[in-house]
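An overview of the molecular structure
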Amino acid sequence: MVASALFLDGPARLGLAMAVLLATSRLASGHGHAELLRLDRAPLHTSGRYIVDNVGERVKWACVNWYGAYSTTHVVGGLEVQPMEVIVDRIVDLGFNCVRMTYSTQGKVYNPPIDDEYLAANPHLKGKRFLEIFDLTVKMLTDKGLMVIINNHNSKSGWCCHYTQDEGLWYVPGYNESTWIESLAFFARRYRNNSMVVGFDLRNEVHDYKYTHLTWGDGDPATDWALAATKSGNAVLEVNPDALIIVMAMCFGMDLRRMKDAPIRLMYDNRVIYEAHNYLEYQMFDNVSKVIAPWSVIRNWALLFIVVCLIVLCLLRSVWINAGKPRPPAGALLISIGLWVAFFAAIAVVATWLSAQFGNNFCSVSVETDVMPWFTGSIIVCILACLLILLGVLRAYRSSKARSMRSASIDDESEVTVLTVLPPPSEESPGVTRELPKEEAAAGASEPWVLADAPVSEQPHAPTGPQNIVRLHAPMEVSPWPSPSSAESFVEAMVSVSTAGTVSAGGQLGSLKLSDGGSASAEVNIGTAPSAAARRSWGCVSCCVSWRRILQMAAQGDMRALGLRSAEPDGTEDRVHTQPWDLGMYALLQSSILLILLVMIGLLLYIMGHIVPTYWWMERHLDGLWGFALEEGHPYTAPVWMGEFGSAVRGQYWMNFVRYLAIRDVDFAYWAINGKKWAEGEIDSMDGSFTRYDQAHWQYEAFGILDESYKVIQHTWKYLDLQGLMPSPATWRPDGYPCSHDFDPSCGAR
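Residues numbered from 1 in each chain as written. Predicted model: local features only at pLDDT ≥ 70, side-chain atom pairs only at ≥ 80, totals over all residues. Heavy atoms only, no water.

Side note on the overall build of the protein
Threshold: Each helix corresponds to a stretch of at least 4 residues labelled H or I by DSSP, and each strand to a stretch of at least 2 residues labelled E; elements are numbered beginning at the N terminus. It only takes one pair of heavy atoms within 4.5 Å for two residues to be counted as in contact.
When its secondary structure is counted, the protein shows 19 helices and 23 strands. Considering only residue pairs separated by 6 or more positions, the protein has 73% of its internal contacts joining residues 24 or more positions apart.

Here is the structure:
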């Protein structure tokens, strides 16, 4: 670390120097050190939520993991670069008071010889086997005053742990339950005369495996983890009555909720400690910030998304107002709302179902408690939306039936005028109004009918006052878009004719130009309407055409073309005639409902972006999973030991989690002291599969307290944070020392 400081600029170098000086002064003064256990105060037991010594005073476990003996090396890490005593002294100097030592059942059963490569800095250990070196390590730790917790990490020696591995069970092929229990009893018997070996961690990170879903208290020997923990715990106590029994929470150490109704009861009281583990990826909401983007970025994008949606909604509302505020048919409105709600509810159903399928790979109890209620709720919403659609269909059917009856009544009236327009000007009758009876309309017209291009006030037989909406309803031979074939169709338009304005038509029916008598004008291409069946259709093409018309008008900046105006009788005030509820209005309705739902989703993301990164959210989450056991006065009250946690950056997750440990004054074991790890492969982040390397090798341990030399502290911030957790009560403060991304890229990162 000191060497790397030479490459920093002045302010960064000064900040790093301040942090190092602060750490050095704390070491010199003993500030932040955990209290070592006095031999005359052993053995330990539990009292409520605390671990206490034989005179009833609290003993806070401020531990560190020293791993390696569970792997294929079968020995703790670092002995290849430093003498064992140097590493042990470093642990003591750093202020820890206990060490979690891991082993594999295979290592105990076969007691393999240790390769000299892993003992390069300890020549006196070469040629020895697993148990001999494990014994020497335990003895050196306890001789230095450190408490030791023995942990059965896995059955088969090697890399651990992932949900695709069967190591989440306490029994695997080749190493059954009896072999596992016997290995724990073996070490309990082996160290029963060493009072500094204070506890036995029964199993690391139990979890479901494939179709074996773990339970708690149901009595099934294949799945009941509480039953297995009780059997193995009593086996340890039979040979070592003073030992503390550490029971791992389910789901990789995340979930202890089933214990609330059925706490572990052993042959001796006050011996049970529950263990939890936590890493950033253990929280789905923290995974979002790791995999997708920090929540601060997500909430900013959500806000921008909301603003854009609201702007579009305002545009659509302007279109609706200028169209005369037409009300949608009740059936269409119900169907539209139901369809969109059902669509998003179906997405929620699929998402929660996929989450449940994934969660069942390792944590079915949490799926049952956390995911299935959302899955059930989404299905209920989907069903209610479908009922809304059905109600809308019934309403639409009744309305359609009523319209059919009215149409039949009109068709029976022979003298109904189909169309009132002005014919093309001619010498015989320039600009004379003519009625087109049904018989003549049915026979077809020899020339297209157009609106007169003369002011209405100058037309013969012009009506006095404003004329109401004129409907053009003429059967013609046309070539409807986009098919070039000719078919019989109806041309329908709604035109408001005003005595104050001029109405002129183009060379063919359907091209209409409106003018207010001044410079303002707008041209509307009415086009041809589809058949009755097509008009009732909500086809994508029709909606796209309608939207294209809306956007074209918006681009021209004239919304009046979508809602045509006419004067009031006194000629002083305009009013908007209501447009018919056509495909364009349906497109407007669907778009509006979708945008409203998207605004709600964006608002949810924005709110989550503010809440999820907070300490309040972390506290609520952890209290619900295992923190409840720390509440005094309940039948389930017991100590909870945070047996593993770690991070390579001092981001939001780390700050919130360390704050929780400090406020709750939780016993802990940081993962890990190691600066290197024996890497046998890597995990595919997409499918979770483990790919073995052709040849295992040493790899940098990003979470390690020490670097690869096992001498230098990797991250000053990490060590200072852990120091603040060691005393009881904890002295950690988020602003207790300078920490800036400027002088340490891992400090202050998200």
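Past the structure itself, the notes keep going.
Comments concerning the nonpolar core
To be explicit about the condition: What is meant by a nonpolar core is a set of buried Ala, Val, Leu, Ile, Met, Phe, Trp, Tyr and Cys residues, joined one to another through side-chain atoms within 4.5 Å. With a 1.4 Å probe rolled over the protein chains alone, any residue whose accessible area is under 20% of its type maximum counts as buried; one over 50% counts as exposed, and the rest are partly exposed.
Of all hydrophobic cores here, the largest spans 121 residues; its most connected members are Trp 66, Ile 150 and Trp 225. By size, the runner-up hydrophobic cluster in this structure holds 17 residues, among which are Ile 51, Cys 98, Leu 244 and Trp 641.

Looking at the sheet that holds strand β7 (residues 244-248)
For the record, the criterion: In this scheme, strands are said to pair when DSSP sees at least two bridges between them. Here an angle of 0 to 180 degrees is reported between the N-to-C directions of two axes, which are lines fitted to C-alpha atoms, with helices fitted over the stretch in contact.
With parallel pairing, 8 strands are arranged side by side around a closed barrel as β3-β4-β5-β6-β7-β8-β20-β21. Looking at each pair of strands side by side, their axes are set apart by 25° on average, direction ignored. Where helix α5 (residues 130-143) meets the sheet, its contacts fall on β3 (62-66), β4 (98-104), β5 (147-154) and β6 (197-201), and the angle it forms with β4 comes to roughly 170°.

Let's talk about the packing of helix α18 (residues 652-664) against helix α19 (residues 716-725)
Going by this rule: Each angle receives one of four descriptions, namely roughly parallel if under 35 degrees, roughly antiparallel if over 145, roughly perpendicular if within 65 to 115, and oblique otherwise. Crossing chirality is assigned from the near helix's rotation relative to the far helix, an anticlockwise turn below a right angle marking it left-handed and a clockwise turn marking it right-handed.
For the pair α18 and α19, interaxial distance at closest approach is 9 Å and the crossing angle is 20°. Classified by the angle between their axes, α18 and α19 sit roughly parallel to one another. For the crossing formed where α18 meets α19, the hand is right-handed. Between α18, through Trp 654, Val 658, Leu 661 and Ala 662, and α19, the contact on the second element is made entirely by Trp 717, Lys 718, Asp 721, Leu 722 and Leu 725.

Quick notes on the packing of helix α10 (residues 295-322) against helix α16 (residues 583-611)
A pair of packed helices is captured by two measures, namely the crossing angle of their axes and the spacing between those axes. The condition that has to hold: Three categories are distinguished: nonpolar for Ala, Val, Leu, Ile, Met, Phe, Trp, Tyr, Cys and Pro, charged for Asp, Glu, Lys and Arg, and polar for the others, with Gly belonging to the last.
Look at α10 against α16: their axes get within 8 Å of each other, and the N-to-C directions meet at 155°. In terms of their interaxial angle, α10 and α16 are classed as roughly antiparallel. Remark: the crossing between α10 and α16 carries left-handed chirality. Within the contact of α10 with α16, the residues separate by chemical class into 21 nonpolar, 5 polar and 1 charged.

With respect to the state of the cysteines
Each disulfide consists of a covalent bond between the sulfur atoms of two cysteine residues. Convention followed: The rule for a disulfide is simple: a pair of cysteine sulfur atoms within 2.5 Å.
Going through the model one piece at a time under the given rule, you end up with 3 disulfides. With its sulfur 1.6 Å from that of its partner, Cys 160 forms a disulfide with Cys 161. Handedness of the Cys 160-Cys 161 disulfide follows from its S-S torsion of about 80°: it is right-handed. Residue classification places Cys 160 among the buried residues on the basis of a relative accessible area of 13%. Overall, the relative accessible area of 21% leaves Cys 161 in the partly exposed class. There is no disulfide at Cys 382, and the cysteine sulfur nearest it, in Cys 386, is 4.8 Å away.

Notes on the confidence of the model for the protein
Rules: A residue's pLDDT is the confidence the predictor assigns to it, expressed on a 0 to 100 scale.
Summing up the model confidence of the protein, the mean pLDDT is 78 and the portion of residues at 70 or higher is 71%. The low-confidence segment residues 1-21, where pLDDT is below 50, has 23 contacts with residues more than four positions distant or belonging to other chains. Note on residues 557-578: pLDDT is under 50 here. Beyond four places in sequence and across chains, it has 62 contacts.

Some remarks on α5
Cut-off, in case you're wondering: What a helix is expected to span follows from its residue count: subtract one and scale by 1.5 Å. This arc is built from the directions going out from the helix axis to the C-beta atoms.
Across its 14 residues, α5 extends 20 Å between first and last C-alpha, which sits within 8% of the 20 Å expected from 1.5 Å per residue. Taken as a whole, α5 has its buried residues at Phe 130, Leu 131, Ile 133, Phe 134, Thr 137, Val 138, Leu 141 and Thr 142. Looking straight down α5, one finds its buried side chains confined to an arc of 165°; they lie on one side. Taken from the residues just after α5, Gly 145 is the one with a positive phi, measuring 90°.

Let's talk about the pairing of strand β21 (residues 667-670)
The line we're drawing: Look down the strands so they point away from you; if going from the first strand over the helix to the second traces a clockwise path, that crossover is right-handed.
The side-chain alternation of β21 yields two buried faces, one formed by Asp 667 and Ala 669 and the other by Phe 668 and Tyr 670. Across 3 bridges, β3 lies against β21 in parallel orientation. The residue of β21 that forms the bridge with Ala 62 is Phe 668. Summarising the sheet, strand β20 (residues 640-645) and β21 pair through 2 bridges and their orientation is parallel. Paired with Trp 641 across the strands is Asp 667, a residue of β21. Considered for its hand, the β-α-β crossover made up of β20, α18 and β21 is right-handed.

With respect to unusual backbone geometry
The omega torsion across Cys 160 and Cys 161 is 25°, close enough to zero to call that bond cis. With respect to the helices and strands, Cys 161 occurs in the loop between β5 and α6 (177-190). Note the cis peptide between Trp 671 and Ala 672, where omega equals 5°. One non-glycine residue, Asn 270, adopts positive backbone phi at about 60°. Mapped onto the fold, Asn 270 is located in the loop between α8 (250-253) and β8 (272-278). Using a relative accessible area of 43% as the deciding quantity, one classes Asn 270 as partly exposed.

Topic: the environment of Thr 142
Mapped onto the elements, Thr 142 comes out in helix α5. The class of Thr 142 is buried, set by a relative accessible area of 9%. Sequence-wise, Thr 142 and Met 196 are 54 residues apart; in three dimensions their C-alpha atoms are separated by 5.8 Å. When residues no more than four places from it in sequence are discounted, the contact partners of Thr 142 are Val 148, Asn 194, Met 196 and Val 197.

Concerning the side chain of Thr 102
Among the secondary structure elements, Thr 102 is positioned in strand β4. Classification of Thr 102 as buried rests on a relative accessible area of 1%. Leave out the neighbours within four places in its chain, and Thr 102 touches Trp 66, Tyr 67, Gly 68, Ala 69, Tyr 70, Phe 134, Asn 151 and His 153.

Observations regarding the environment of Ala 120
Relative to the helices and strands, Ala 120 resides in the loop between α4 (105-110) and α5. On the accessibility criterion, Ala 120 (44% relative accessible area) is partly exposed.

Some thoughts on the pattern of salt bridges
To keep things clear, this is the line we draw: Any Lys or Arg side-chain nitrogen found within 4 Å of a carboxyl oxygen on Asp or Glu counts as a salt bridge.
If you walk through the whole model with that rule in mind, you get 25 salt bridges. Note that Arg 41 and Asp 53 form a salt bridge whose closest N and O atoms lie 3.1 Å from each other. With Arg 41 in the loop between α2 (10-29) and β1 (45-47) and Asp 53 in the loop between β2 (50-52) and β3, the pair connects residues that are 12 residues apart, well separated along the chain. With relative accessibility at 3%, the residue Asp 53 sits in the buried group. Put simply, Lys 108 and Glu 182 hold a salt bridge, and the shortest N to O gap is 2.5 Å. Of the two residues, Lys 108 is situated in helix α4 and Glu 182 in helix α6; the sequence distance between them amounts to 74 residues. A residue is classified by how much of its surface remains accessible, and Glu 182, at 36% relative accessible area, is partly exposed.

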